[in-house]
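Summary of the model geometry
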Amino acid sequence: MAHADPETLTLLALGEPVADQSTVDHLRTCVACGSELDALREVVGVGRETRVERDLPAPPGAVWNRIAAETGAAAPPRRWRALLAVAVVAAVAGASGAVVVDRVSTPPAAAEQVVARADLAKLAGAPDGARGTARVVRTPGRTVLRVSVDGMPAPDGLYQVWLYDGAATMIPLGVLTGGQADMPLPGGVDLRTYRVVDVSAQRLGQQEHGTSMLQGNLS
Ligand SMILES: [Zn+2]
């Protein structure tokens with residue numbers, strides 16, 4: 001089939017359910033779409049953590065039109081805000097210059113259920129006292145990996161969260177900014193196989209897995 005369309009990838013990056021099974025199947029095997037989704041997830045992660053000051057440039061018209069088409073007037077506020085965050089962060093990433101950010105308010109979580117958890121222990125690369133937890137949190141609309149860390153120094157580059165099968169394959173979930181982040185779990189990932197949660201230190205722009213700082217097994 002053709003590559004997944006940008007709207008679908010954006011919704012997936014936001015953790016929204018996508019009913020189209022052929023898209024889900026395609027994403028399992030298509031490296032191009034997979035890396036585009038990874039990049040969008042990274043933007044979503046930044047968008048959820050940050051709010052951009054009002055005097056920054058507006059998003060490009062094409063992005064804006066896509067948001068309007070995607071959401072319509074009846075769009076739920078949560079999705080609107082998330083899409084807006086993606087658009088604004090994408091626009092700012094395209095422009096240059098420093099961004100002043102502060103916390104975005106997120107609506108209270110409804111009917112959350114923790115279905116697995118892991119204590120994250122420090123590895124050789126992490127300082128004494130570094131530790132964390134990871135929880136697989138299911139709500140009616142989405143499943144996320146909620147990662148909290150403590151005692152970690154400010155990174156040289158960034159911290160990235162991965163799922164690992166313990167053998168050969170690591171799936172990048174997103175960038176950890178601040179002490180806690182929710183990372184949408186791809187629908188096709190079997191957590192019985194990808195049991196290991198890994199937090200790595202990455203150089204900026206580094207695509208491959210960097211240096212493991214914290215690790216633990218989901219159970
Ligand atoms: Zn594709």
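See the structure printed just above.
Below: a short report on this structure.

When you go through the protein chain residue by residue, the secondary structure sums to 5 helices and 8 strands. Residues counted as buried form 39% of the 219 residues belonging to the protein chain. For the protein chain, restricting intrachain contacts to residue pairs at least 6 apart in sequence, the fraction spanning at least 24 positions comes to 60%. Carbon and sulfur atoms make up 54% of the accessible area of the protein chain, which totals about 11900 Å².

Turning our attention to the coordination of the zinc ion. Coordination of the zinc ion by the protein is provided by His3 (ND1), His26 (NE2), Cys30 (SG) and Cys33 (SG), with metal-donor distances spanning 2.0 to 2.3 Å. Around the zinc ion sit 4 donor atoms; with metal-centred angles ranging over 103 to 119°, the donor geometry is tetrahedral. Spacing between the donor residues of the zinc ion along the chain follows H-x22-H-x3-C-x2-C. Of this pair, His3 sits in the segment before α1 (6-13) while His26 sits in helix α2 (residues 21-29), placing them 23 residues apart in sequence. Classification of His3 as exposed rests on a relative accessible area of 54%. Assessed through its relative accessible area of 11%, His26 is described here as buried.

Two strands in a sheet stick together by hydrogen bonds in their backbones, pointing the same way (parallel) or opposite ways (antiparallel). Taken together, 8 strands build an open sheet; the order of strands is β5-β4-β7-β8-β1-β2-β3-β6 and the sheet is antiparallel. At either end of the open sheet lies a strand with only one pairing partner, and these are β5 (170-176) and β6 (180-184). Across the sheet, the mean angle from the axis of one strand to that of its neighbour is 25°, orientation sign disregarded. The sheet contact formed by strand β1 (residues 113-122) and strand β8 (residues 211-217) spans 2 bridges and is antiparallel. By the bridge assignment, Lys122 is partnered in β8 with Leu214.

This part covers the side chain of Arg41. By the element assignment, Arg41 lies in helix α3 (residues 31-49). Buried charge without a salt bridge: Arg41, with Asp38 as the nearest opposite-charge side chain at an N-O distance of 4.1 Å. In contact with Arg41, other than residues within four places in its own chain, are Leu12, Ala13, Leu173, Pro184 and Pro186.

Every buried residue belonging to α2 is among Thr23, Val24, His26 and Leu27, and all of these are buried. Around the axis of α2, the buried residues are gathered within 160° of arc, so they sit on the same side. When the buried face of α2 is taken as reference, the exposed residues oriented beyond 90 degrees from it are Arg28 and Thr29.

Close approach of charged atoms allows side chains with opposite charge to pair. Inspection of every chain in the model, using the stated rule, returns 6 salt bridges. A salt bridge links Arg28 to Asp25, with the nearest nitrogen and oxygen atoms 3.5 Å apart. Linking Arg28 with Asp25, this pair stays in helix α2, spanning 3 residues, or about one helical turn. The class of Arg28 is exposed, set by a relative accessible area of 53%. The shortest N-O distance in the salt bridge between Arg146 and Glu112 comes to 3.0 Å. Of the two residues, Arg146 is situated in strand β3 (residues 143-150) and Glu112 in the loop between α5 (77-94) and β1; the sequence distance between them amounts to 34 residues.

What counts, and at which threshold
Residues numbered from 1 in each chain as written. Predicted model: local features only at pLDDT ≥ 70, side-chain atom pairs only at ≥ 80, totals over all residues. Heavy atoms only, no water. Helix = DSSP H or I, 4+ residues; strand = E, 2+ residues; numbered from the N terminus. Buried < 20%, exposed > 50% of the residue type's maximum accessible area, 1.4 Å probe, protein only. Contact = heavy atoms within 4.5 Å. Areas by Shrake-Rupley, 256 points an atom, 1.4 Å probe, with all protein chains shown as cover. Donors = N, O, S within 2.8 Å, 3.2 Å for Na, K, Ca; no water. Tetrahedral: all angles 85-135°; square planar, octahedral: opposite > 155°, others 65-115°. Pairing = 2+ DSSP bridges. Axes fitted to C-alpha atoms, helices over the stretch in contact; angles between N-to-C directions. Lys, Arg positive; Asp, Glu negative; His and termini not counted. Salt bridge = Lys/Arg side-chain N within 4 Å of Asp/Glu carboxyl O. Arc of directions from axis to C-beta.

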